[in-house]
Amino acid sequence: MISETVVELSRAQYAINAVQHFLFVPLTLGLSLFLALMESWFLLSGQAVYKQMTQFWGRLFAIGFGLSIASSLAMAVQFGGNWSYFSHYVGDVFALPLLIGLAGLFLAANGVGWLLFGWRRLGKGAHLSVTWLVSIGCHLSWFGFLIASGWMQNPVGAEFNAQSMRMELTDLNLLLCNPVALAKFVHSLLASYVTAAGFVLAISAYYLLKQRETQLAQHSYRIAAAVGFWAVIATVALGDASIYAPGTMPRTKLAAISGLPNDDILEQNRQRIDNGLRAYSMLQELRDDKKDASLLAVFAAAKADLGYALLLKRWQDSVVDAKPAQIEQAALTSVSPAAPLFWGYKVMVVSGVLCLLAFLLASAATIAGWRSSWLLKSSLYAWPLPWLASGSGWFISEFGRQPWIVADILPTWVGVSTRSETDLIVSMAAYGVAYTGLSALALVLIVKFVRRGCAGSLLLAEESGDA
Amino acid sequence: MLDYEILRLLCWGLLGLFLISFALSGGLELGISMLLPLLNATEAQRRVIIARLAPLSAGNQTWLAATVVVLFVGWPTVYAAAFASFQMLLLLVLLALFVRPAGFYFRNSISGADFLKNWDKALYVSGLLPAVLLGLLAGNLLKGFPFHLSSDMHIAFLGNFAGLFNPFALLVAATCLALLASHGAIYLQLHGDDEIRLRGKALALPAGAAFLILFAMAGLWITHLEGYHVTTEIIPDGVSNPLTKFVKRGDGLWLDNYEHAPSLWAIPALVFVGGIAALVLSKFDRGYWALLASSVTVTMTVLTLGVSMFPFLAPSNISLNSSLTIWDASASQATLTVLLWLAGLLLPLMVVSTRWLFRISL
């Protein structure tokens, strides 16, 4: 039997990793676009302040990027380490999009050094292309990771292979054009623009209130207010039209966020468990006789529900011997608890609306000519809102997937590595301490850079590397 | 669609090339970092070295990430078994690598002598630690590690962290350390200012000689180390199910491939040829050629590991038949086809851009 503690510890470690990932990745993704736009405008208009802006925000971008790479690497180690059965069971499909993500990461990681240190060594045009390449790389890697994560919600283009005991790719196009994944990609991309806009807006408002770096702050503030405003509207509109709409979203989740009962879904899942049990016992027979055509045909008809039989693994190792009470228990837990999803959705909507309000006020502040300090203060204190909105959005998506790690295919419970509890606790502690330290260092650096302003914060290679 | 057997071989080759590229790019960076405290460099000299490495650091790490992802795509079960077994070790590698790019970028943006000293120590450790640990990993791969596959492919892990520190694996770790140190030293001999050049030259000789001795010792040990061998007929285009074969273990079985194809002896031989050539060239101040020879040594060392173990990727020393090979633990034919295209396209692009970035940066 799989130990409950191991499952919970693995989930907790994944959650820590995901939170870190989610704090810095959207910020860097959004900022990369800001940098590319600012520097393009510098080349077009020739205004020196835009170069200053690119350099200043570029430094903050680099801090976030360092942490994003760290948390991406941690994810790459974690799948195999803590979720080895998951890695075996769906790796054939799940890992492919990660390769696309990696290509983007490579582009961005090689560009970022030159973005920071190449101002003197590269020509204007060359530097601008580097900035764009970094931004494209960030987007490409986000695309790859979201295709992978979207596949866990809506596993298309793959089929169970009884001989290798895992899911295998059948259709690459379906995997890459997965409607759920694409909708998630665009929605979360827009949300990351909002996050970056909120960040830029808050820091610019801080400078304006302190009356420092006024020119840089005013220009940045104006761009952030405009980009943020339109990005919020697009995020909400697209979310309503694609993600939180019937048809795209699993019915259980939709029922939960709208506070509707899900009795008919439970009934349907009971039947799927029954059917899954048939598939599971067939699988045992197939293991002895792999070539039997009639057996294969019956198995093929039932295998879509195989995952539902695995739900029983939580209570009964040999699932074919499951008692009716255990089957009922599995059916009842086959949908995620509704209350957290219901409230998560509310939080997301409310903070989304507040974001819109904040960007509206910010636009008003630019029109009012920076005189009203309360408008600026509202921009300063609005910084957590985008994180709250996208955080609750991620929560709905990830928590709403439970009890599945891959929807209808593999229960979370079954996906873990059967490692010892001490191992998990030690690794979680080591990792938690290290990453908290790193995040703290990043925050210290961000605060330090913001305090110093754009004149004081020279980086190492600009001081010595070009000499 | 290509033949399944050819696909598996080509993807195995790709995996090797990604690993070699990491050893050459990231390994060089690790080698230089671990030599930092031995250089007696002034603050200004340190700044120059670090400023050169800084723009490359994040890119070098993506080579390691690429190797991991190619393994995940191509051999998901191997990835799962190895990463769960070596989780603690890989976690330490990861923590060390966390420090590097950010450490490089921001080292000089915080002043204060004490702080800088600690910062440099962190950079030094983050160079030393991954080199030792990855060597340890290679040593344990050769020895086989304890895992068992059940009939539904659940992997049971039966080892512990302390078990990784066996004498043979420690020898391989020391070999890896010496290899990267000599590679880094030769680089410094080529690219430093006058003082650094001399220090680099002085360090290259002992590090390079130590590597050659350690490599020879590991080679001798392998003739008596228990290797693995598939005793049933191998079906190179069969379905991926590791539990359909029988595996035996015995002294010196890792030399099997060399006995069947004696031309393979060229690979470990080239390690020595390259290593000795690098030392001689370094002695006569031919830095560029020395670095080239040293790169050949690094490449051939990685190849020696791969060829000796072929077709095994992850042998199990507890449940021999659970061992994973490139034939029976790979991804499906469809996925390997996509992998070959994607990674085959990515690899030359990454090599060219890394080479170009090294040239303009270093």
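A brief look at the structure comes next.

Calculation notes
Residues numbered from 1 in each chain as written. Chains lettered and ligands numbered in written order. Predicted model: local features only at pLDDT ≥ 70, side-chain atom pairs only at ≥ 80, totals over all residues. Heavy atoms only, no water. Helix = DSSP H or I, 4+ residues; strand = E, 2+ residues; numbered from the N terminus. Rg over C-alpha atoms; globule rule 2.2 N^0.38 Å. Buried < 20%, exposed > 50% of the residue type's maximum accessible area, 1.4 Å probe, protein only. Contact = heavy atoms within 4.5 Å. Lys, Arg positive; Asp, Glu negative; His and termini not counted. Charge placed at Lys NZ, Arg CZ, Asp CG, Glu CD. Phe/Tyr/Trp six-rings, centres within 6.5 Å; stacked < 30°, edge-to-face > 60°. Core = buried A, V, L, I, M, F, W, Y, C linked by side-chain atoms within 4.5 Å. Salt bridge = Lys/Arg side-chain N within 4 Å of Asp/Glu carboxyl O. Axes fitted to C-alpha atoms, helices over the stretch in contact; angles between N-to-C directions. Parallel < 35°, antiparallel > 145°, perpendicular 65-115°, else oblique. Left-handed = near helix turned anticlockwise from the far one by under 90°. Nonpolar A, V, L, I, M, F, W, Y, C, P; charged D, E, K, R; others polar. Buried area = accessible area lost by both parts, 1.4 Å probe. Polar contact = N/O pair within 3.5 Å; in protein donor to acceptor, adjacent residues only side chain to side chain.

A few points about the overall build of chain B
Secondary structure assignment for chain B yields eleven helices and six strands. Computed over its C-alpha atoms, the radius of gyration of chain B comes to 21 Å, within 12% of the 21 Å expected for a compact globule of 362 residues. Taking the principal axes of its C-alpha atoms as reference, chain B extends roughly 60 × 40 × 40 Å. Every one of the 362 residues in chain B was classed for burial, and the buried ones make up 61%. For chain B, the proportion of contacts with a sequence separation of at least 24, taken over those separated by at least 6, is 82%. Counting 19 positive and 18 negative side-chain charges, chain B places the centres of these two groups 12 Å from one another.

Quick word on the packing of aromatic side chains
The description of two aromatic rings rests on the distance between their centres and on the angle between their planes. Residue and element names in this part refer to chain A. Applying the stated criterion across every chain yields a total of 40 aromatic pairs over all chains. Between Y14 and F79, the aromatic rings sit 6.3 Å apart at their centres with planes inclined by 40°, giving tilted as the arrangement. Of this pair, Y14 sits in helix α1 (residues 4-45) while F79 is found in helix α2 (residues 48-82), placing the two residues 65 residues apart along the sequence. Its relative accessible area of 22% is what places Y14 among the partly exposed residues.

Brief notes about the nonpolar core
Residues and elements named next belong to chain A. W57, L60, F86, Y89, F94 and L410 are the most contacted members of the largest nonpolar core, which totals 271 residues. Per element, the largest residue contribution to this core is 21 residues, and it comes from helix α3 (residues 84-117). Dropping the residues within four chain positions of it, W57 is found in contact with L35, M38, F199, V200, I203, S204 and S220. The next biggest cluster of nonpolar side chains, apart from the first, holds seven residues, and it includes I257, L341, Y345 and M348.

Quick word on the pattern of salt bridges
Using the criterion set out here, one finds twelve salt bridges over all chains in the structure. Its salt-bridge partner being A:R166, residue A:E168 comes within 3.0 Å of it at the nearest N-O pair. Residue A:R166 is classed as buried on the basis of its relative accessible area of 1%. Note that B:K245 is salt-bridged to B:D328, the shortest N-O span being 2.8 Å. With B:K245 in the loop between β3 (226-230) and β4 (247-251) and B:D328 in the loop between β6 (324-325) and α11 (333-361), the pair connects residues that are 83 residues apart, well separated along the chain.

A look at the packing of α1(A) against helix α15 (residues 384-399) of chain A
Residues and elements named next belong to chain A. Interaxial distance between α1 and α15 falls to 11 Å at its minimum, and their mutual angle equals 120°. Accordingly, the angle class assigned to the pair α1 and α15 is oblique. Handedness of the α1/α15 crossing: right-handed. Contacts between α1 and α15 pair F22, L23 and L27 from the former with W387, S390, G391 and W394 from the latter. In terms of residue class, the contact of α1 with α15 is built from five nonpolar, two polar and no charged.

Overview of the interface of chain A and chain B
By a widespread convention, an interface's size corresponds to the accessible area lost as its parts come together. Counting residues at the interface gives 72 residues for chain A and 64 residues for chain B. Both faces considered, chain A and chain B share a buried interface measuring about 6,000 Å² in area, 73% of it formed by carbon and sulfur atoms. Our enumeration of links across chain A and chain B arrives at one salt bridge. Where A:K313 meets B:D152, a salt bridge forms, and the shortest distance between an N and an O atom there is 3.6 Å. Put simply, chain A and chain B have ten residue pairs in polar contact (both at pLDDT 80 or more) between them. Taken together, the elements giving at least two residues each to the side of chain A that touches chain B come down to α2, α3, β2 (166-169), α17 (421-456) and α18 (460-465) of chain A. Looking at the side of chain A that touches chain B element by element, the count peaks at 23 residues for α3(A).

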